[in-house]
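Analysis of the macromolecular model
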Amino acid sequence: MSKLSRKNHDDYLFPNYAPLALMPEQAKGARLWDTDQKEYVDFAAGVAVSSLGHCHPELIKVLQEQANKFWHVSNLLTTRPAIELAKQLVEVSFADKVIFSNSGAEANEAALKLARRFAVDHHGADKHEIIAFDNSFHGRTFFTVCVGGQAKYSDGFGPKPQGIKHLPFNDADALAATISEKTCAVILEPIQGEGGVVPATKEFLHKARQLCDEYGALLIFDEIQTGLMRTGNLFCYQGLEVEPDILTLAKGLGGGFPIGAMLARQQVAESFSVGVHGTTFGGNPMACAVASKVIELVNIEEMQQGVKHNSELLKNGLHQLNKEHPFFVEMRGSGLLIGCELSEAFAQRANDVVAAALEQGLLMLVAGPNVARFAPPLVATERDIEEGLYRLGLALSSFEP
């Protein structure tokens, strides 16, 4: 095989991505090495996906074990890995039933379809409206991108699905004024990830729960980015004292192996009767085997305490850096999902911060043009956090007058 480089990306791949200059060759834990063997500290984790870091030995082991049994049989047959993973998710959550997908977008697509189907089954076709929120992000299928509250992702594709309303996030009064007997579902992220790492307030979530109960609507929590201990709880909702009717997962669920899931209460799940929804690859035995091990490894007290400790270490380090290089005006988020809204000197330059950090050997994220986002692996060590902060400091110094 010929030796390819980052420069060949535009030769063969669609132009819908603008990848960073880094082309990884190898990775371990919270470190990456590029094709020139330059080392990087990973504060991105594949966009909050590689929850247990890169090449975790126990994930490699279960993947190899399942690969030596069988890779795929479709949902014409049930498999032990799928049943075991579903059982784990039910036992650790509010839910009674689980359906698997390949991605977060597909999990959210399924959730929105389920909400409408449940409404039709129990109330009639007129109860079909979905309430979502400005700056939300729920995936890239056409339905989910239209439900997401960022028109830049849904404009330009022709007529959009109807029956979707967008409201200001965390505005309980606006929700109360808009929800009606026609509302079948309210969908939200407990922490808006792509929208700037903006947490929902407890008051807003409790009001959403109350209003959904009052109007017979389903409450959907999109925990694609916040689930699986990312925020310091196995699921973000568990620290907010509000339970949804439907919850979606992906990203950290597979620790890097593609898998998504939708969880729901029994009565709601019954609306997906035989033939109503399906997927060829969802519930793939290799993906389910890996995800089962991920849950086993993250759902322990030591991991929860480690996330909380590293979160404080990261936040304290960022505050200290901000004293030396005032680059943000507000820090938001929870656990190891942290967003820093940039100050006037760095305004709208989040991508420039990421590029400067990459030059210093730090991989990080943005959450829009004005928020720097940090989502290191849950297993990052103190040394990883400290080294990443040091490299960020070097990067910020390059912005000094």
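Our subject in this report is the structure included herewith. (Residues numbered from 1 in each chain as written. Predicted model: local features only at pLDDT ≥ 70, side-chain atom pairs only at ≥ 80, totals over all residues. Heavy atoms only, no water.)

1. A word on the pattern of salt bridges
The tally for this structure, following the rule as stated, stands at 19 salt bridges. Its salt-bridge partner being Glu58, residue Lys293 comes within 3.6 Å of it at the nearest N-O pair. Taken together, the residues Lys293 in helix H11 (residues 285-298) and Glu58 in helix H3 (residues 57-67) connect sequence positions 235 residues apart. Linking Lys315 and Glu312 is a salt bridge whose minimum nitrogen-to-oxygen distance equals 3.3 Å. One end of the pair, Lys315, and the other, Glu312, are both in helix H12 (residues 301-324), 3 residues apart, so they sit about a helical turn from each other. Note on Lys315: relative accessible area 21%, which makes it partly exposed. In this structure, a network of salt bridges that share partners links the residues Arg31, Glu39, Asp384, Glu387 and Arg391. (Salt bridge = Lys/Arg side-chain N within 4 Å of Asp/Glu carboxyl O. Helix = DSSP H or I, 4+ residues; strand = E, 2+ residues; numbered from the N terminus. Buried < 20%, exposed > 50% of the residue type's maximum accessible area, 1.4 Å probe, protein only.)

2. Overview of helix H13 (residues 350-359)
Turning to H13, its buried residues number three or more, namely Ala350, Val353, Val354, Ala356, Ala357 and Leu358. Buried-residue contacts for H13 involve strand E3 (39-42), strand E14 (337-342), strand E15 (362-363), strand E16 (365-366), strand E17 (371-374) and helix H14 (382-397). Of the residues flanking the end of H13, it is Gly361, one or two places downstream, whose phi is positive at about 85°. (Contact = heavy atoms within 4.5 Å.)

3. Thoughts on the pairing of E14
Extensive coverage of E14 is indicated by the burial of 5 of its 6 residues. Two elements, strand E13 (residues 328-334) and E14, share 6 bridges in a ladder whose sense is antiparallel. Each residue of the ladder has a partner; that of Met331, found in E14, is Cys340. Connecting E13 to the antiparallel partner E14 that follows it, the hairpin turn spans 2 residues, and Gly335 within it adopts a positive phi of roughly 60°. When E14 meets E17, the two strands line up antiparallel, connected through 4 bridges. Residue Glu341 lies in a different strand from E17, and its bridge partner there is Val371. (Pairing = 2+ DSSP bridges.)

4. Digging into the sheet that holds E14
Spatially, the 4 strands line up as an open sheet ordered E13-E14-E17-E16, and their pairing is antiparallel. Bordering the open sheet on either side are E13 and E16, each of which pairs with just one other strand.

5. Description of the nonpolar core
A general tendency of soluble globular proteins is for nonpolar side chains to be buried together. Core analysis: the largest hydrophobic core is formed by 97 residues, its most contacted members being Leu89, Leu318, Met364 and Phe374. If you tally residues by element for this core, the top one is H11, at 8 residues. What Met364 contacts, discounting residues up to four positions off in sequence, is Phe43, Ala44, Val353, Val354, Ala357, Ala372, Arg373, Phe374 and Leu392. By size, the runner-up hydrophobic cluster in this structure holds 25 residues, among which are Leu114, Ala132, Ile187 and Ile246. (Core = buried A, V, L, I, M, F, W, Y, C linked by side-chain atoms within 4.5 Å.)

6. Some words on the packing of aromatic side chains
The way to describe two aromatic rings as a pair is by their centre distance and the angle between their planes. Counted by the stated rule, this structure contains 10 aromatic pairs. Seen from their ring centres, Phe133 and Phe169 are 6.1 Å apart, and the 65° between their planes marks the pair as edge-to-face. One end of the pair, Phe133, is in strand E5 (residues 129-133); the other, Phe169, is in the loop between strand E6 (164-167) and helix H8 (172-178), with 36 residues separating them in the sequence. By the burial criterion, Phe133 is buried, and Phe169 matches it. Arranged with centres 6.2 Å apart and planes meeting at 80°, the rings of Phe327 and Phe346 form a pair that is edge-to-face. Of this pair, Phe327 sits in the loop between H12 and E13 while Phe346 sits in the loop between E14 and H13, and the two are 19 residues apart along the sequence. For the pair Phe327 and Phe346, a shared accessibility class is recorded, and that class is buried. (Phe/Tyr/Trp six-rings, centres within 6.5 Å; stacked < 30°, edge-to-face > 60°.)

7. So, a nonpolar patch on the surface
On the surface, Leu4, Tyr12 and Leu13 cluster together to form a nonpolar patch covering roughly 350 Å² of accessible area. If you trace the backbone, Leu4 turns up in the segment before helix H1 (9-12). (Patch = residues over 30% accessible without salt bridge, like charges linked within 9 Å, V, L, I, M, F, W, Y side chains within 5 Å. Areas by Shrake-Rupley, 256 points an atom, 1.4 Å probe, with all protein chains shown as cover.)

8. Comments concerning the sheet that holds strand E1 (residues 24-28)
Sheet architecture is open: 4 strands sit in the order E1-E2-E3-E15, paired in mixed fashion. Looking at the sheet topology across the chains shown, the edges are occupied by E1 and E15. Across 4 bridges, E1 lies against strand E2 (residues 31-34) in antiparallel orientation. Residue pairing across strands places Ala27 opposite Leu32, the latter belonging to E2. Contacting E2, E3 and E15, H14 crosses the sheet at an angle of about 110° to E3. (Axes fitted to C-alpha atoms, helices over the stretch in contact; angles between N-to-C directions.)

9. Section: the packing of H3 against H11
Between H3 and H11, the shortest axis-to-axis distance is 9 Å and the interhelical angle comes to 150°. As far as their axial angle goes, H11 and H3 are roughly antiparallel. In this structure, H3 crosses over H11, and the sense of that crossing is right-handed. The residues of H11 that touch H3, namely those facing Glu58, Leu59, Val62, Leu63, Gln66 and Ala67, are Pro285, Met286, Ala289, Val290, Lys293, Val294 and Leu297. (Parallel < 35°, antiparallel > 145°, perpendicular 65-115°, else oblique. Left-handed = near helix turned anticlockwise from the far one by under 90°.)

10. Quick word on the packing of H12 against H14
For the pair H12 and H14, interaxial distance at closest approach is 10 Å and the crossing angle is 20°. With respect to their mutual orientation, H12 and H14 come out roughly parallel. Read as a crossing pair, H12 and H14 show a hand that is right-handed. Packed against H12, whose contacting residues are His309, Asn310, Leu313, Leu314, Gly317, Leu318 and Leu321, the element H14 presents Glu382, Ile385, Glu386, Leu389, Leu392, Gly393 and Leu396 at the interface.

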